[in-house]
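So the chains spell out like this:
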Amino acid sequence: MAANGNGRVSTTNGDTGRNGLAKIQTQKSANGVCHDDSTTPVKAQTIDELHSLQKKKSAPTTPINPMQGSFAAVSEEERRKQQLQSISASLASLTRETGPKVVKGDPARPTSEPARVVAHHVSPTITASDSALKFTHVLYNLSPAELYEQAIKYEKGSFITSSGALATLSGAKTGRSPKDKRVVRDETTEDDLWWGKGSPNIEMDEHTFLVNRERAVDYLNSLDKVFVNDQFLNWDPENRIKVRIVSARAYHSLFMHNMCIRPTPQELENFGTPDFTIYNAGQFPCNRYTHYMTSSTSIDLNLARREMVILGTQYAGEMKKGLFSVMHYLMPKRQILSLHSGCNMGKDGDVALFFGLSGTGKTTLSTDHNRYLIGDDEHCWSDNGVSNIEGGCYAKCIDLSREKEPDIWNAIKFGTVLENVVFDEHTREVDYSDKSVTENTRAAYPIEYIPNAKIPCVASHPKNVILLACDAFGVLPPVSKLTLAQTMYHFISGYTALVAGTEEGIKEPQATFSACFGAAFIMLHPTKYAAMLAAKMQNHGATGWLVNTGWSGGSYGSGSRIKLAYTRKIIDAIHSGSLLKANYKKTEVFGLEIPTEVEGVPSEILEPSNTWSDKKAYNETLLKLAGLFKNNFEGFVAHKIGKDDKLTDEILAAGPIF
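What you see as residue numbers is a count from 1 along each chain, following the sequence as written. Owing to the predicted nature of the model, reporting of local features is limited to residues with pLDDT of at least 70; listing and counting of side-chain atom pairs is limited to 80 or more, with chain, interface and lining totals taken over all residues. With hydrogens and water stripped out, all remaining heavy atoms of the structure feed into the side-chain values.

Caption draft 1: View of the overall build of the chain. Per the convention used, a helix needs a DSSP run of H or I reaching at least four residues, while a strand needs a run of E reaching at least two, with both numbered from the N terminus. Looking only at helices and strands, the chain has 16 helices and 34 strands in total. Only protein chains enter the accessibility calculation, which uses a 1.4 Å probe. A residue is then buried if its area is under 20% of the maximum for its type, exposed if over 50%, and partly exposed in between. Within the span of the chain, comprising 658 residues, buried residues form 52% of the whole. For the chain, contacts bridging at least 24 residues in sequence account for 71% of all contacts bridging at least 6. Exposure was quantified through the Shrake-Rupley algorithm and a 1.4 Å probe, taking into account, for residues, occlusion by the shown protein chains and nothing else. Counting only carbon and sulfur atoms, one obtains 52% of the accessible surface of the chain, whose full area is about 30500 Å². Every residue pair with non-hydrogen atoms within 4.5 Å of one another is taken to be in contact.

Below is the structure:
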């Protein structure tokens with residue numbers, strides 16, 4: 001082969017190289033340069049130029065709708081300036097009344113763009129401070145890929161697992177700290193909120209909140225960079241809430257990116273001022289000598305200021321549940337019921353709500369491949385129907401397996417946050433059975449990672465309200481149809497029974513009551529939520545059901561757990577409407593209506609007394625549980641609902657009578 005005239009490599013027929021192969025020769029082109037021009041050369045003179053070509057600018061911003069938002073009718077430059085001013089205002093110190101100089105971008109990455117530096121000023125009372133002399137870089141609504149980079153580079157304990165999920169550590173706290181949660185008691189909340197015995201709302205005053213807020217803001221302003229998420233709560237567009245989360249960790253930013261509703265580019269352009277702001281300074285402790293503080297951890301809610309401060313805990317669940325508490329206050333103000341429940345919808349549009357404490361099967365039963373998932377944990381019920389509050393799911397991971405929970409297993413991929421899990425140091429494969437860090441291992445992922453999730457996460461009014469109880473005493477029927485008053489009674493009670501740990505050597509079931517199936521998060525008195533639930537059920541013709549997923553034929557230790565297959569048949573019969581057409585009979589003591597038959601379920605287990613060989617033991621256990629219900633409910637008796645005592649009396653009459 002003859003050499004070509006363009007300087008390309010060629011072989012010649014005349015000369016022979018080693019091993020009999022043709023010699024390879026080159027010929028220079030006219031300009032004296034020999035190169036491989038089979039592809040176009042890179043248009044870069046330096047390695048930095050080459051790297052700059054690797055990333056292109058994000059797509060142009062969406063068209064501006066002049067009818068939307070306070071930022072809409074301004075130029076792109078002005079809108080960005082207003083956005084930074086809003087963030088600076090969020091970070092403003094109350095004593096200095098000034099926000100830091102903020103600039104978008106990672107301080108570790110030089111940018112060719114001129115920095116947009118903005119500060120918020122309101123007639124400062126103190127004119128000089130170190131924080132006013134520095135820049136705070138704002139990492140604003142970063143993508144999961146960008147947050148992965150930040151976490152892996154700067155946060156110890158962050159790793160990419162074999163499935164692509166980001167493994168993180170939450171520090172010393174691996175769960176919520178309910179005893180360290182405080183709510184400001186002022187003229188806004190004095191009469192509205194539930195205070196006193198049994199209430200989750202532990203009070204603090206305005207001054208103490210401001211002390212903690214100043215501590216959190218000063219800590220965040222001392223950092224070179226902070227993460228800012230502007231997102232939404234509630235898929236109902238008429239009643240959604242704008243939230244801003246300011247945090248110091250990429251882990252927290254990615255967690256909230258997954259758990260809140262993610263705005264579109266246009267929604268972000270027109271975001272404006274948030275309705276609620278979280279200051280997460282969890283890496284920094286509160287001052288234990290501050291009034292109302294009982295430890296170095298404090299989670300503080302100020303409903304008048306629409307702010308939440310987190311100090312002394314890096315557990316991300318505090319943000320999720322803190323916002324849920326806020327929704328439990330804001331939504332009832334709009335006559336919207338906030339609910340700690342799962343929700344799914346059938347192919348024909350029938351909607352069901354699932355209430356239940358840990359271990360009752362709420363997640364398992366509300367996740368049904370034959371039905372659309374609206375949400376797994378937090379919902380609102382308005383005049384428009386049901387809507388999910390969140391944009392993601394927060395699933396328990398302990399002992400997770402592909403066989404038992406395939407949807408959750410498959411959702412643990414790129415973008416998902418894995419909290420406190422243990423993995424192989426070489427393969428990065430997670431061992432979900434390992435409790436070395438904590439038993440409360442979790443995965444946070446966007447709801448669209450679930451294949452049968454309905455997007456947007458809204459549905460019509462519920463047809464069925466299912467209250468789940470894992471009764472380890474073994475005396476509640478597998479299913480019973482509830483009157484409206486009974487639904488309210490059992491909703492307020494929020495009962496389940498769990499078995500004590502084997503380390504104590506106790507085999508006696510332990511009754512657990514959590515008002516509205518979420519006492520730790522409710523803000524108003526439980527009877528207010530119950531009255532709203534009853535009104536909505538009555539207006540929309542919903543039926544209440546009590547389903548026992550616990551024991552039959554005896555208490556824990558002598559009886560056996562009701563088979564999941566039977567419970568699924570019961571739930572299917574509720575969804576289809578066939579259970580409404582069944583024949584019913586009433587039980588003693590609790591006065592529950594139980595069906596005489598359910599397709600696919602042995603009729604003898606539907607009446608609990610039939611399954612106990614020792615009838616005397618059954619009656620004693622039944623009365624014992626009834627007594628526990630009665631004792632628990634005494635805390636709610638004094639609270640009257642409505643204009644007279646009629647509603648309260650009806651609810652009391654719906655409880656056990658013995």
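Caption draft 2: Main features of the sheet that holds strand S7 (residues 181–184). Only strands that DSSP links by at least two bridges are regarded as paired with each other. Strand order in this open sheet of nine strands is S3-S4-S9-S10-S11-S13-S12-S7-S8, and the pairing throughout is mixed. Of all strands in the sheet, those with a lone pairing partner are strand S3 (101–104) and strand S8 (203–204), marking the two edges. Inspection of the sheet shows strand S12 (residues 298–302) paired to strand S13 (residues 307–311) by five bridges, in the antiparallel sense. Residue pairing for S13: serine 298 is matched across the bridge by leucine 311.

Caption draft 3: Quick peek at the nonpolar core. Within this scheme, the nonpolar core is defined by two criteria: the residues are buried Ala, Val, Leu, Ile, Met, Phe, Trp, Tyr or Cys, and they are joined through side-chain atoms within 4.5 Å. Ranked by internal contacts, the top residues of the largest apolar core, which has 127 residues, are Trp381, Ile412, Leu418, Phe491 and Phe590. It is helix H8 (residues 317–333) that provides the largest number of residues to this core, a total of eight residues. Contact partners of phenylalanine 491, with chain neighbours within four places excluded, come to Leu339, Phe355, Leu467, Ala515, Cys516, Phe517, Tyr529, Ala530 and Leu533. Residues Leu223, Val226, Ala248 and Ala281 belong to the second largest nonpolar core, which totals 25 residues.

Caption draft 4: View of the side chain of aspartate 180. Structurally, aspartate 180 is set in the loop between strand S6 (166–168) and S7. His residues and chain termini do not enter the charge count, which takes Lys and Arg as positive and Asp and Glu as negative. Think of a salt bridge as a Lys or Arg side-chain nitrogen and an Asp or Glu carboxyl oxygen that are within 4 Å of each other. Lysine 173 is the oppositely charged side chain nearest to the buried, salt-bridge-free aspartate 180, at an N-O distance of 4.2 Å. Two N or O atoms count as a polar contact when they lie within 3.5 Å, although within protein this holds only if one can serve as hydrogen donor and the other as acceptor, and sequence-adjacent residues are included solely when both atoms are side-chain atoms. There is a polar contact of 3.3 Å between the side chain of aspartate 180 and the side chain of threonine 294. Non-local contacts of aspartate 180, meaning those with residues more than four positions away in its chain, are made with Lys173, Thr294, Ser295, Thr297, Ser298 and Ile299.

Caption draft 5: Inspection of the environment of isoleucine 570 at higher detail. Tracing the backbone through its elements, the reader meets isoleucine 570 in helix H13 (residues 564–576). In this structure isoleucine 570 comes out as buried when scored by relative accessible area, which is 1%. Counting along the chain gives 92 residues from isoleucine 570 to proline 478, while the straight-line C-alpha distance between them is 8.3 Å.

Caption draft 6: Spotlight on the environment of aspartate 434. The topology assignment puts aspartate 434 in the loop between strand S23 (430–431) and strand S24 (442–446). With 13 residues separating them in the primary sequence, aspartate 434 and valine 421 have C-alpha atoms 7.5 Å apart. Not counting residues within four places of it along the chain, the set of residues in contact with aspartate 434 comprises Ile398 and Val422. Engagement of the side chain of aspartate 434 in a polar contact is seen with the side chain of serine 436, the distance being 2.4 Å.

Caption draft 7: Highlighting the sheet that holds strand S20 (residues 392–396). In spatial order, the strands read S5-S6-S21-S24-S20; together these five strands make up an open sheet with mixed pairing. Single-partner strands in this sheet number two, and they are strand S5 (159–160) and S20. Pairing between S20 and S24: five bridges, direction antiparallel. Bridged to glycine 392 within S24 is proline 446. Angular values range over 0 to 180 degrees, each being the angle between N-to-C directions of two axes fitted as lines to C-alpha atoms, with helices fitted over their stretch in contact. The sheet contacts of helix H6 (residues 250–259) involve S6, S20, strand S21 (417–419) and S24, and relative to S21 the element is tilted by about 120 degrees.

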